[in-house]
Amino acid sequence: MASTSTSAPTVGFDLDMTLIDSRPGIRACWVELAERTGTYVDADLVVTRLGPPLEEEMAYWFPADRIPAMSDLYRELYPSYAVSGSLAMPGAREAVRAVQTAGGRAIVVTAKWEPNAKLHMRHLGMEPDAVIGNLWAESKGAALREHGASVYVGDHVGDVRGARIAEALSVAVPTGPCSAEELAEAGADVVLGDLTEFPGWFSDYRPDAVPARA
């Protein structure tokens, strides 16, 4: 497991549907993209499967040769259409604050394009110690290791896989597309109802007390 201080661990958080409810903003951005390109997109369907990289969702609506350009256009539209419409998830601010108040570091590791992830944090007044973007599932593990994270909190089975790669404790919340059962079956070490339960759980968390995995 990555080296951390028992009294001041580093905790990683996913962004979409973990720290923020980005569905209203992302829906608005996809509606605008569809209107500008004359392409049918079911924006209500899109927001039911947030988590994977943007390019994976683009593949449902655009041919492969248009995906890079459409992804660039979406990211260009994003600050105007998606940021102000997105909300903090219940307990998100308190979860980040719980880590920092304890002397630890709270970082965000997300598949979202990093500049837009940082815009969300500024808009919502959250101040994580670092924001690392453009990473999904297993690829999140490298960033978590680099920052010495002993815990990673996410809402998707891909987040569980990222925590595994980093040898970090996987704390899951079923506030996104994956159910509590799916998260547990994927190997989450802890499944909370939502982030409002995180400060209470974290107050009892001791890295040295976590049993090593086989």
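Reading guide: rules and limits
Residues numbered from 1 in each chain as written. Predicted model: local features only at pLDDT ≥ 70, side-chain atom pairs only at ≥ 80, totals over all residues. Heavy atoms only, no water. Helix = DSSP H or I, 4+ residues; strand = E, 2+ residues; numbered from the N terminus. Rg over C-alpha atoms; globule rule 2.2 N^0.38 Å. Buried < 20%, exposed > 50% of the residue type's maximum accessible area, 1.4 Å probe, protein only. Contact = heavy atoms within 4.5 Å. Areas by Shrake-Rupley, 256 points an atom, 1.4 Å probe, with all protein chains shown as cover. Pairing = 2+ DSSP bridges. Axes fitted to C-alpha atoms, helices over the stretch in contact; angles between N-to-C directions.

J.: What exactly am I supposed to notice about the overall build of the protein chain here?
T.: Per the secondary structure count, the protein chain includes 10 helices and eight strands. Over its C-alpha trace the protein chain gives a radius of gyration of 17 Å, about what one expects of a compact globule, namely 17 Å for 214 residues. In terms of overall dimensions, the protein chain has C-alpha extents of about 55 × 35 × 30 Å along its principal axes. Looking at the protein chain residue by residue over its 214 residues, the buried ones come to 51%. Taking all contacts inside the protein chain whose residues are at least 6 apart in sequence as the whole, residues at least 24 apart take part in 63%. Of the accessible surface of the protein chain, which amounts to about 9400 Å², a share of 51% is contributed by carbon and sulfur atoms.

J.: Where do I start with the environment of V131 in this structure?
T.: Within the secondary structure, V131 is located in strand β5 (residues 130-132). Sequence spacing of V131 and D155 is 24 residues, and the spatial spacing of their C-alpha atoms is 17 Å. Discounting residues that sit within four places of it in the chain, V131 has contacts with V108, E114, A117, K118 and M121.

J.: How should the sheet that holds strand β4 (residues 105-109) be read in this particular structure?
T.: Pairing between the strands of a sheet comes from backbone hydrogen bonds, and it takes one of two forms, parallel or antiparallel. Spatial ordering of the open sheet is given by β5-β4-β1-β6-β7-β8, a layout of six strands whose pairing is parallel. Sheet topology places β5 and β8 (190-191) at the edges, where each strand pairs with a single neighbour. Pairing between strand β1 (residues 10-13) and β4: four bridges, direction parallel. Among the inter-strand pairings, T10 is bridged to a residue of β4, identified as R105. Running over the sheet, helix α6 (residues 114-124) touches β4 and β5 and is turned about 145 degrees from β5.

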